[in-house]
2 protein chains.
Amino acid sequence: MTQTKFLLNETDLPKTWYNINADSPVPPTPVLHPQTQDPVTPDFLSVLFPMELILQEVSADRYIDIPEEVREIYKLWRPTPLIRARRLEKALGTPAHIYFKNEGVSPPGSHKPNTAVAQAFYNKIAGTGALTTETGAGQWGSALSMACNFFDLPLEVYMVNISYQQKPYRRVLMESYGAEVFASPTDRTQFGQSVLADDPESPGSLGIAISEAVEAAVTSGGKKKYSLGSVLNHVLMHQTVVGEEALKQMDMAGEYPDVVIGCVGGGSNYAGLAYPFLRENLLNDQNARFVAVEPTATPTLTRGPYAFDYGDTAKMAPIVKMFTLGHGFIPPPIHAGGLRYHGMAPSLCSLYDAGHIEAVALPQLATFEAAITFTRSEGIIPAPETAHAICAVIDEALDAKEKGEERVILFNFSGHGHFDLSAYQTYLNGELEDYEHPEEAIQAALQHLPQVNL
Amino acid sequence: MTQTKFLLNETDLPKTWYNINADSPVPPTPVLHPQTQDPVTPDFLSVLFPMELILQEVSADRYIDIPEEVREIYKLWRPTPLIRARRLEKALGTPAHIYFKNEGVSPPGSHKPNTAVAQAFYNKIAGTGALTTETGAGQWGSALSMACNFFDLPLEVYMVNISYQQKPYRRVLMESYGAEVFASPTDRTQFGQSVLADDPESPGSLGIAISEAVEAAVTSGGKKKYSLGSVLNHVLMHQTVVGEEALKQMDMAGEYPDVVIGCVGGGSNYAGLAYPFLRENLLNDQNARFVAVEPTATPTLTRGPYAFDYGDTAKMAPIVKMFTLGHGFIPPPIHAGGLRYHGMAPSLCSLYDAGHIEAVALPQLATFEAAITFTRSEGIIPAPETAHAICAVIDEALDAKEKGEERVILFNFSGHGHFDLSAYQTYLNGELEDYEHPEEAIQAALQHLPQVNL
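Residues numbered from 1 in each chain as written. Chains lettered and ligands numbered in written order. Predicted model: local features only at pLDDT ≥ 70, side-chain atom pairs only at ≥ 80, totals over all residues. Heavy atoms only, no water.

(A) The interface of chain A and chain B, seen in detail. The partner chain B presents 48 residues to the 48 residues of chain A that form the contact. At the boundary of chain A with chain B, total buried surface from both sides reaches about 4,200 Å², with 58% on carbon and sulfur atoms. Put simply, chain A and chain B have two salt bridges between them. Among the ionic pairs, Glu 10 of chain A bridges to Lys 5 of chain B, the shortest N-O distance being 3.6 Å. (Contact = heavy atoms within 4.5 Å. Buried area = accessible area lost by both parts, 1.4 Å probe. Salt bridge = Lys/Arg side-chain N within 4 Å of Asp/Glu carboxyl O.)

Below is the structure:
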C-alpha cells in the first residue's frame, strides 16, 4: 500500500513562529498614520492591539516562541495532515506529485484559528476586556469566536448585513461558540448610525464592518481591543506553523516541493505555508518556485500598482505600501469572499515586487470546475478560496504532464467548503458568472490613492 | 505537554472487519420473507444486494478480509484520531477520563463511508450497473455518493421531499460527488406515483423513500441494486474498523474503557465502536460496560417490545426480530434525523436483550445543551445524533465525579454538525421542543406487528 497521509505527533508541533522580516532581502516599508502620514507609533497602535502583538508586528527576530497556552489549544487539531493527492494525480494523468496541507481540519474549518488563538491569548494576558472584529462570509469570525471562548474573552463580531441575512449558519456557529454577532451597519457605532441614516436598508460591506469594529474598540476607553485576521506581519507570522510542519512532512515523504502554491486575499494562509519554504530558498540554497493565486475579480497583484494606500475603505487604518486596487475598489460578489480585499499583506507584496513570488489571477468558473475535480478525486469539498489554489495546482500538474516532468507541487488547502454549498449549487445549476474588469474601472478606483511624500 | 490525540499510521489500518455473530452468546434470529414469512433465501436477497454482501450478512466467520481497493479509499481519512477530551473533563471538573473516536473527519463528515465504500466496491465488482438508496437528512446519501463516485458507479438517491426542500446543502454535496438526487415521492416509481396521486404536495417520509429506492432496484431487470446504510449485519460489520482502531489507540493511551458509549438509530455507528470491545469482554475477560443512547422521541430499546416486525413502513423489507416501536410508528421531527428509525439492528437487539448492552433514552433539549458544552470545550460542533452520545457521556462523567472515580469513558463521535446549524439556531433561539410519548401512543403503534408463528 502506498502512503497517502504524512502525520506528525503533538511532540512535533512547532515551538516557534517564523518571522520572514529577519531574512527578507527587501526591508520593511514604512507604516503611516492615516491622517498625519507620519510613521505610526506604538502608542497609536496600542489603542487597537495589545503591546505583545505590536512588538511582534515590528520584530526583527527570526523566531518567536509560541506560548505553551497557545500550543495546548493548537493541539486540538494540529499538527494538521500533509496529504499526497494520488487520486487527483491519477485523474489528471500527470507525472507530477501533488501534496496538500489540510488546514480544513481545524474546528472552524480553516487556517484562521492559527492566529485567532494567539491573538486571543495575548489580549487575555494583557487584560483586554473584550475583542471586536468584522467578518464577511464568516470564516475569520468563527475562528476568533472559538479562540475567545477558550480564553473566556467576550467577542463582538460585526458581520456584513447581507451575509448575516443570507448565510445564517456561520453566524450560528459563532453564537454556538458564545460570540455576540451584529448585522453591520449597526446602531451601536457612530459610523454605523451614519450609514443607516443614509440607507436604513444598507446591505453593509466589509469596509463598513471594519470601521464599526475599529470604532467600537477605539471608543471603549481602553476596555476593548480590535483583532484582524490577515494582512499584518504578526498575523502572517502566526500562520507559519503551517509551513514549518509541512517542511517536516515533506521530509517524511522524501521529497521537496518544486513549487509552493496558495490562494491570496490578505495573504495570510499563503504566507503561512510559503515563508518557511522561502527561508530555505534564502538561507539554504533551495530553489522552490512560489505562486500566489488571486481571483480575476480582485486582481491585486496582477493588475494593481505597488503604492501607498489605506488599509480600509473608511481611511481609519494605517497607510501601507502594497499592491492595491484602491481603498475604494468595490470587488464583485464572487463566492470566494475571503479573497475580496483591495490590497495585500505588505511583506508579501515586497517579496512579489522583488521577484521572489509569482502571481496568477484565475476566473471564478475555472476555480469551481477545479474544485469539483478535486472533490471527486479526493473526497473533500474545498472552500471557494481554496479552489483558486487547486485550479493553479491543476494547471501546474498539466504543464508538468506536457513537459513529462515529475514536478513536486505543494499547496495549502486553506479550508473546506461545508459552509459554501450554496455557491456550489449556483455553479452546478450553471448560474455562476465570471468577472473581468475593464482597464478603465481599475484606473478609476486608483484615482484616490493618498499622495505620500517620502 | 500532555497528550491529547492518539494517531495511527496508515499501516495500522485494520485488515479485517469483525463479525460479532462468530462470538455472540445469542444465536442470530431468523429473517423472514415479508409476504410468506418463510426464512428468506439468498435468491430473494440477491434482487437487492450483490452475493458477496449476502454472504457477509449470514457469515459465521469471525474476521472478513477488507479488500485492498476499499482500504486504499479508507486511507483518505482513516485511521481516524482518538482524542482525549481533556478540556471537557476540566469543564466538568470530573476525575473521569473521556476519549472519543472522531469519525467526523471523513470527507462527508460521518462514519457512514466505512460501509458505503465497501458496498460500492462489492457492487462494482459484481457488475451492478447502478445503485439506489434513500436518505433523510442526507448523511447516508452523501457518504454513498462519494463512494459510488470513487468506483464510477451511478447512484440514484431518493431524498425525503421535505429535507430536499428545507436542507438543500446536503443535496448539493451529493450532486457535487456526481449523484442524481430526487425529491421523494417521485413520479419515477409506481409507489411514488400512488403517493402523489393521493397528495401531490406530499412532504415524503423515510418509509416512502425506502420503498421507492427498493422498487427502483427491484424493477430494473437486475441492472440496479439497493444499498442500506445501517441495521444489516454486513453494514454493522463494515463499521468495526472504528472499534478495531480504537482498541489500538486506547492501548497507546495506556488505558482501557470502563464504559463504551454511542448513539443508536439503526445501530451501525455504535456497533462499529462497541463490537470489538464487546469481543474483548466475551473472549478476553475484559469488563467494559456498554451504553446505547437513543432519543426519548424514538425510544426503541427502552420502550419497545422485542418482537418480529417489518424493516420498513411499506412491508417490502424482510421481517426481523428486534426491539421496535412498530413499522407504522411516526417519529416526531427531532433534529437527530439519523435516530428516527422504528426498529434497531437485530444483532444489537439480541445483545441488549441478553444484558450485554444497556440503553438510555435522552430528551432533545438536554442533548443540545450537552452539544454546546462540548463545542465550547473541544471546539468541534457535533451532529445532533452525536449529541445524544455526548449527553450520556457527560452524565457518566458527572456520576464518576460524584463517586470520585477515575472512570475511563470512550464514545463514538459519529459526525460533525456543519450541516445541522439550523437545528442549533432553533436551540439557541429557545425554540427547541422535547417529545415524550404517552404510553397509549406507543401501544397504538404496536397494534400492527405481524403475527409470526415460529
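(B) Up close: the packing of aromatic side chains. Residue and element names in this part refer to chain A. One pass over the full model with this rule turns up 36 aromatic pairs over all chains. Note on Tyr 158 and Phe 182: the rings are 5.7 Å apart at their centroids and 40° apart in plane angle, and the pair reads as tilted. Highlighted residues: Tyr 158 in strand S7 (residues 155-160) and Phe 182 in strand S8 (residues 180-184), separated in sequence by 24 residues. Between Phe 368 and Tyr 424, the ring centres sit 5.1 Å apart and the planes meet at 70°, which makes this aromatic pair edge-to-face. Of the two residues, Phe 368 sits in helix H16 (residues 364-378) while Tyr 424 sits in helix H18 (residues 421-428), which places them 56 residues apart along the sequence. Take Tyr 424: its relative accessible area is 0%, and that puts it in the buried class. (Phe/Tyr/Trp six-rings, centres within 6.5 Å; stacked < 30°, edge-to-face > 60°. Helix = DSSP H or I, 4+ residues; strand = E, 2+ residues; numbered from the N terminus. Buried < 20%, exposed > 50% of the residue type's maximum accessible area, 1.4 Å probe, protein only.)

(C) Structural context of the relation of the copies chain A and chain B. Between chain A and chain B, which share one sequence, the superposing operator has a rotation angle of 180° and an axial displacement of 0.0 Å; the RMSD is 0.0 Å. Taken together, the rotation and translation relating the two chain copies correspond to the operation of a two-fold axis. Relative to the rotation axis, the closest C-alpha in chain A is found at His 418 of chain A, a distance of 3.3 Å. A share of 100% of interface residues in chain A that are also interface residues in chain B marks the association as one of identical surfaces. (Least-squares fit on C-alpha atoms with pLDDT ≥ 70 in both.)

(D) Molecular detail of the packing of helix H6 (residues 139-150) of chain B against helix H8 (residues 168-176) of chain B. Residues and elements named next belong to chain B. Two elements in contact, H6 and H8, have axes separated by 8 Å at closest approach and are oriented at 10°. As the angle between them shows, H6 and H8 are arranged roughly parallel. Residue-level contacts link Gln 139, Gly 141, Ser 142 and Ser 145 of H6 to Arg 170, Leu 173 and Met 174 of H8. Of the residues assigned to the contact of H6 with H8, the class counts are two nonpolar, four polar and one charged. (Axes fitted to C-alpha atoms, helices over the stretch in contact; angles between N-to-C directions. Parallel < 35°, antiparallel > 145°, perpendicular 65-115°, else oblique. Nonpolar A, V, L, I, M, F, W, Y, C, P; charged D, E, K, R; others polar.)

(E) Local environment of helix H13 (residues 268-284) of chain A. The first and last C-alpha atoms of H13 of chain A sit 23 Å apart over 17 residues, in line with the 24 Å expected at 1.5 Å per residue. The element H13 of chain A is largely enclosed, with a buried count of 13 among its 17 residues. (Expected span 1.5 Å × (residues − 1).)

(F) Just the nonpolar core, in detail. Judged by nonpolar contacts, the single largest core of 104 residues is most densely connected at Trp 17 and Leu 348 of chain A. When near neighbours in sequence (up to four residues on either side) are disregarded, Leu 348 of chain A contacts Val 264, Gly 267, Tyr 270, Ala 271, Tyr 275, Leu 301 and Ile 357 of chain A. The next biggest cluster of nonpolar side chains, apart from the first, holds 87 residues, and it includes Ile 20, Ile 73, Ala 143 and Ala 274 of chain B. (Core = buried A, V, L, I, M, F, W, Y, C linked by side-chain atoms within 4.5 Å.)

(G) Layout of the sheet that holds S7 of chain A. Residue and element names in this part refer to chain A. Overall, parallel pairing links the four strands, which are arranged S8-S7-S6-S9 in an open sheet. Sheet topology places S8 and strand S9 (224-226) at the edges, where each strand pairs with a single neighbour. Each adjacent strand pair in this sheet contributes to an overall mean axis angle of 25°, direction not counted. In the sheet, strand S6 (residues 130-135) pairs with S9 via three bridges, with the strands oriented parallel. The residue of S9 that forms the bridge with Leu 131 is Lys 225. Together, S6 and S7 form the strand contacts of helix H6 (residues 139-150), whose direction differs from that of S6 by roughly 160°. (Pairing = 2+ DSSP bridges.)

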